[in-house]
Amino acid sequence: MATFCHHPTPLSFRTPIVGAKKSSRNDAAFEEKKSVFVDYDKGIHEVSTSINGFGKAEIPKRHRLRHESDRFQKDWSVSQVVEKVLKLGHWDDIDGLLNRWLGRFARKNFPVLIREITQKGSIEHSIRVFNWMKQQKNYCARTDIYNMMIRLHARHNRTDQARGLFFEMQEWRCKPNVETYNSLINAHGRAGQWRWAMNILEDMLRSAIAPSRSTYNNLINACGSTGNWREALNVSKKMTENGVGPDLVTHNIILSAYKTGTQYSKALSYFELMKGTGIRPDTTTYNIVIYCSVKLGQYGKAIDIFNSMREKRSECRPDVVTFTSIIHLYSVSGQIENCKAVFHTMLAEGLKPNIVSYNALIGAYASHGMSEEALSVFNEIKQNGMRPDVVSYTSLLNAYGRSQQPAKAREAFIMMRKNKLKPNIVSYNALIDAYGSKGLLAEAVEVLREMERYGIKPNIVSICTLLAACGRCCQKVNIEAVLYAAEMRGIELNTIAYNSAIGSYINIGEYDKAISLYRLMRKKRVKSDSVTYTVLISGCCKMSKYTEALEFFADMMDLRIPLTKEVYSSVICAYGKQGQLKEAESVFNMMKMEGCCPDVITYTAMLHAYNAAGDWIKAYTILQEMEANNVEPDAMACSVLMRAFNKGGEPSKVLVMAEFLREKNIPFSDAILYEMVSACSLLRDWRTITDLIKIMEPSFPVFSIGLLNQLLRFLGKSGKIESMIKLFYKIVESGAEINFNTYSVLLKNLLAVGNWRKYIEVLQWMEDAGIKPSNGMYRDIISFAQRSAGVQYAAVIREKVDSLRSQPGSQTSIV
């Protein structure tokens, strides 16, 4: 072979390079050729790559002469062969097709053929082609061919088959190289078999094959994918010790290991250290950091990272995963409109949502019971040519469950089965919750039995869902039946299950049962949490068991369990009801010192406490504090303050408070109107009460009869008897339910002005309405007749009263 020098040599004196022509022919045969197809009318743009390989002209002459005249032998290119193989089912005669290909006589076609078909990802076709290839006489086993097959099995999580190929290649005397071990470690990492992956690394070192950075990255990923973040860190340290420095992929894998292992704080700390190494994060890095920030509730930090990625000069543009994480962020923080806005922004930036993105949006709507919006997104998935998966259907089930539409939830469940999707345990639990949300306990239990018939075992979530349904149905027997069913199936109740059962007993007023279950929970050493004591304390307060509520509060303090706002509110209420104002104030101040901002419920509890103590000045101070802290008072808080004003002899302040309510657009509740009527009664403010009646008149059926009775009482005490009777007629015409007290108010005020004729008429109204007058009502009119009516009218009154008493079902005697 001639040697080259720096000076040009005349063409006639140049010595040809041995094998140069052959090498150039190989390069041309296996050169990738791209072809582009564009249809401007349909908007289609396709780019395809083809490889010719060795054809008839390049195969050995003996084979060419032998098969040249055979019309069944085809001179296909490698790409054509791959295309024809993939069109067949893997059960079809693939061997027959390949035996018609003239290129099979060129050994160099085999690696290219395997590479092309494995890249397509069809494992069954690849196995058939590989087995056919090994039967060819001119086949020579090569390491790169086995590496490609091992990588393919790894992508399909076929660990045993990948390991089988590893042993087979050694039988064929193919020595594994670093790529072989990398592929095998990757296969075991995908299957979560990180210990196998560690053993493979040891075998690799014993074979004197130096691990590459990809080897360590695959091994770290094998550990991290199963949540073993400590092992992942150990491998990373070994990697550095062996002189192989980590790269961006390594850092991303470790961040992912922290994420999988739910070590979100450690992931963010590692990210800060990573930035100090000078390695620039990529989109994958930021996606992991955003995910961990959302899990830690650091929504502001996640949004800042997202906005920085969207800046014009940013090197890391957000991808579909980034937008999906932000949709989830807004979902968990309750900002549903922002979920929709982010989704549309993703579309506007030219990114095509995947099924995970659609599921995140459906889940956001489902969490707030927005079933119509969830269904709209679900239909959009199908319109865009994608197939909804189990998560899509389950999210739709949740949407119908939260909106209390069990019939539609069942329809979605049936539709999932029709589309050949197998419901998982989450799907069944969502359907149980849908029935339970409507109180259909029998149907919910039937779903539990149905899932067992299909071989899916109920879990603790199923039991918790049924217990919650029992609480809604107010059925004690069913709560005990569900607990027994859990015991029979070997399902150990956890904290959430005990909380659900205790809450269900509290809801139906079974205090003793709830306490027994709480004691059983403590006996079995199941940890009580804030929810446990919140349910117990608030439940005791609802049942007026204030002493017991304070005892649970003391236990909660002893166990150092964090207090919730509901606990603070309930305890303040309990102290207030027992007249322990100082203790209530102490808890209220402790709440603020702990950094727990009081809400409107807590402030209302303090208002109740001050009202019970008759201290309207401090009650008014609470309202001022609410305004200073931007806590909007509601109708309940305002009614309590009004009651304190009336009780403290300050009725004029009640009417001032009413003007405050109008300015704040706070609706007038029954309690507020009652206090306003009481204030007007104390002030003898006839004009205000008249205006109030005009406002209330269209809504008489909505108001409580106690409020309407208070209006009648005020008019009667004011001497406005005709107005009182007219108001009574309007109340009757409105369809509001009249009770015994209503007639009692009318009779007392009529008797006070001596209108005995109307008094007797009202008694007749009571009889006609099926409400029996009391003995006292008859005694009062007879006493009036004897005392004030005179002899002439006394006889008439007595006669009319006797006539009423003689009616069927009337009182038989007046004692």
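Residues numbered from 1 in each chain as written. Predicted model: local features only at pLDDT ≥ 70, side-chain atom pairs only at ≥ 80, totals over all residues. Heavy atoms only, no water.

Draft legend 1. Up close: the overall build of the chain. When helices and strands are tallied, the chain shows 44 helices and 2 strands. Relative to the compact-globule value of 28 Å for 815 residues, the chain shows a C-alpha radius of gyration of 41 Å, a clear excess of over 25%. The C-alpha extent of the chain, read off along each of the three principal axes, is 155 × 60 × 60 Å. For the chain, with 815 residues in total, the buried portion stands at 46%. Residue pairs in contact within the chain that sit at least 24 positions apart in sequence constitute 60% of those at least 6 positions apart. Distance between charge centroids for the chain: 7 Å, based on 104 positive and 81 negative side chains. (Helix = DSSP H or I, 4+ residues; strand = E, 2+ residues; numbered from the N terminus. Rg over C-alpha atoms; globule rule 2.2 N^0.38 Å. Buried < 20%, exposed > 50% of the residue type's maximum accessible area, 1.4 Å probe, protein only. Contact = heavy atoms within 4.5 Å. Lys, Arg positive; Asp, Glu negative; His and termini not counted. Charge placed at Lys NZ, Arg CZ, Asp CG, Glu CD.)

Draft legend 2. Summary view of helix α42 (residues 756-768). With 13 residues, α42 should cover 18 Å at 1.5 Å per step; its first-to-last C-alpha distance of 18 Å lies within 8% of that length. Looking only at α42, the buried set comprises Trp756, Lys758, Tyr759, Ile760, Val762, Leu763, Trp765, Met766 and Glu767. Phi for Gly770, located one or two positions after α42, is positive at around 80°. (Expected span 1.5 Å × (residues − 1).)

Draft legend 3. View of the pattern of salt bridges. Across all of its chains, the model carries 22 salt bridges by this definition. In this structure, Glu124 and Arg158 form a salt bridge, with 2.8 Å as the shortest nitrogen-oxygen distance. Here Glu124 is found in helix α6 (residues 123-134), whereas its partner Arg158 is found in the loop between α7 (143-155) and α8 (159-171), with 34 residues between them in sequence. Classification of Arg158 by relative accessible area gives partly exposed; the value is 24%. When the shortest N-O distance is used, the salt bridge between Asp144 and Arg142 registers 2.6 Å. Judged by relative accessible area, which is 29%, Asp144 ranks as partly exposed. One continuous salt-bridge network, built from bridges that share partners, spans Glu446, Arg449 and Arg453. (Salt bridge = Lys/Arg side-chain N within 4 Å of Asp/Glu carboxyl O.)

Draft legend 4. Focus on the domain arrangement of the chain. Structurally, the chain comprises domain 1 (211-279), domain 2 (294-352), domain 3 (353-457) and domain 4 (693-805). Summarising the inter-unit geometry, the C-alpha centres of domain 1 and domain 2 are found 25 Å apart. Across the boundary between the two partners, domain 1 contributes 4 residues, which contact 4 residues of domain 2. Summing the contributions of domain 1 and of domain 2, the shared interface buries around 370 Å²; its carbon and sulfur component is 73%. The largest per-residue losses of area from domain 1 upon contact with domain 2 belong to Tyr264, Ser265 and Leu268, which jointly make up 83% of the total buried on that side. If you look at where domain 1 meets domain 2, you find 0 salt bridges. The tally of links from domain 1 across to domain 2 stands at 0 residue pairs in polar contact (both at pLDDT 80 or more). When grouped by side-chain class, the residues that make up the side of domain 1 that touches domain 2 number 2 nonpolar, 1 polar and 1 charged. (Domains from an automatic or database assignment. Buried area = accessible area lost by both parts, 1.4 Å probe. Polar contact = N/O pair within 3.5 Å; in protein donor to acceptor, adjacent residues only side chain to side chain. Nonpolar A, V, L, I, M, F, W, Y, C, P; charged D, E, K, R; others polar.)

Draft legend 5. Examining the packing of aromatic side chains more closely. Inspection of every chain in the model, using the stated rule, returns 23 aromatic pairs. Considering the side-chain rings of Phe166 and Tyr181, the 5.5 Å spacing of their centres and the 65° angle between planes classify their relative orientation as edge-to-face. Of this pair, Phe166 sits in helix α8 while Tyr181 sits in helix α9 (residues 178-190); the two residues are 15 residues apart in sequence, bridging distant segments of the chain. Side by side, Phe166 and Tyr181 carry an identical accessibility label, which is buried. Members of the aromatic cluster, joined through ring pairs, are Phe110, Trp132, Tyr139 and Trp172. (Phe/Tyr/Trp six-rings, centres within 6.5 Å; stacked < 30°, edge-to-face > 60°.)

Draft legend 6. Structural view of the environment of Gly436. With respect to the secondary-structure elements, Gly436 resides in helix α23 (residues 425-437). For the pair Gly436 and Cys470, spaced 34 residues apart in sequence, the C-alpha separation works out to 7.7 Å.

Draft legend 7. Layout of the packing of helix α18 (residues 336-348) against helix α19 (residues 355-367). Viewed as axis vectors pointing N to C, α18 and α19 meet at an angle of 165°, and their least axial separation amounts to 10 Å. Judged on the interaxial angle alone, α19 and α18 are roughly antiparallel. Like other packed secondary-structure pairs, α18 and α19 cross with a definite hand, here left-handed. For the pair α18 and α19, the contacting residues are Ile336, Cys339, Lys340, Phe343 and Met346 in the first and Ser357, Tyr358, Leu361, Ala364, Tyr365 and Ser367 in the second. (Axes fitted to C-alpha atoms, helices over the stretch in contact; angles between N-to-C directions. Parallel < 35°, antiparallel > 145°, perpendicular 65-115°, else oblique. Left-handed = near helix turned anticlockwise from the far one by under 90°.)

Draft legend 8. Quick peek at the state of the cysteines. Under the counting rule described, the total for this entry stands at 0 disulfides. Counting only cysteine sulfurs, Cys316 is the nearest neighbor of Cys292, a cysteine outside any disulfide, at a range of 17 Å. For Cys292, a relative accessible area of 0% corresponds to the buried category. (Disulfide = S-S within 2.5 Å.)

Draft legend 9. The environment of Leu673, seen in detail. Relative to the elements of secondary structure, Leu673 occurs in helix α37 (residues 670-683). A relative accessible area of 3% means that Leu673 is categorised as buried. Aside from chain neighbours lying at most four places away, what touches Leu673 is Phe668, Leu692, Met696, Phe703 and Leu707.

Draft legend 10. Examining the confidence of the model for the chain more closely. Taken over all residues, the pLDDT of the chain has a mean of 83, while the share at 70 or more is 91%. Ranking the elements of the chain by mean pLDDT puts helix α1 (residues 20-29) last with 57 and α19 first with 92. For residues 1-20, every residue scores under 50 in pLDDT, and the model assigns this stretch 5 contacts once sequence neighbours within four places are set aside. Contacts from residues 810-815, a stretch scored under 50 in pLDDT, to residues over four places away or in other chains number 18 contacts. (pLDDT = per-residue confidence, 0-100.)

Draft legend 11. A look at the packing of α6 against α7. One can describe the packing of α6 onto α7 by two numbers: an axis separation of 11 Å at closest approach and a directional angle of 155°. When the interaxial angle is binned, α6 and α7 end up roughly antiparallel. Once α6 is placed against α7, the crossing between them reads as left-handed. When α6 is examined against α7, the residues Ile123, Ser126, Ile127, Phe130, Met133 and Lys134 are found in contact with a partner set consisting of Ile145, Tyr146, Met149, Leu152 and His153. Of the residues belonging to the contact of α6 with α7, the class tally is 8 nonpolar, 2 polar and 1 charged.

Draft legend 12. Inspection of unusual backbone geometry at higher detail. Here the phi dihedral of Arg173 falls at roughly 65°; this positive angle occurs in a residue that is not glycine. The residue Arg173 is located in the loop between α8 and α9 in this model. We classify Arg173 as exposed; its relative accessible area is 81%. Of note in the backbone geometry, Ser544 takes a positive phi value of approximately 60° without being a glycine. Inspection of the secondary structure assignment puts Ser544 in the loop between α29 (530-542) and α30 (546-558).

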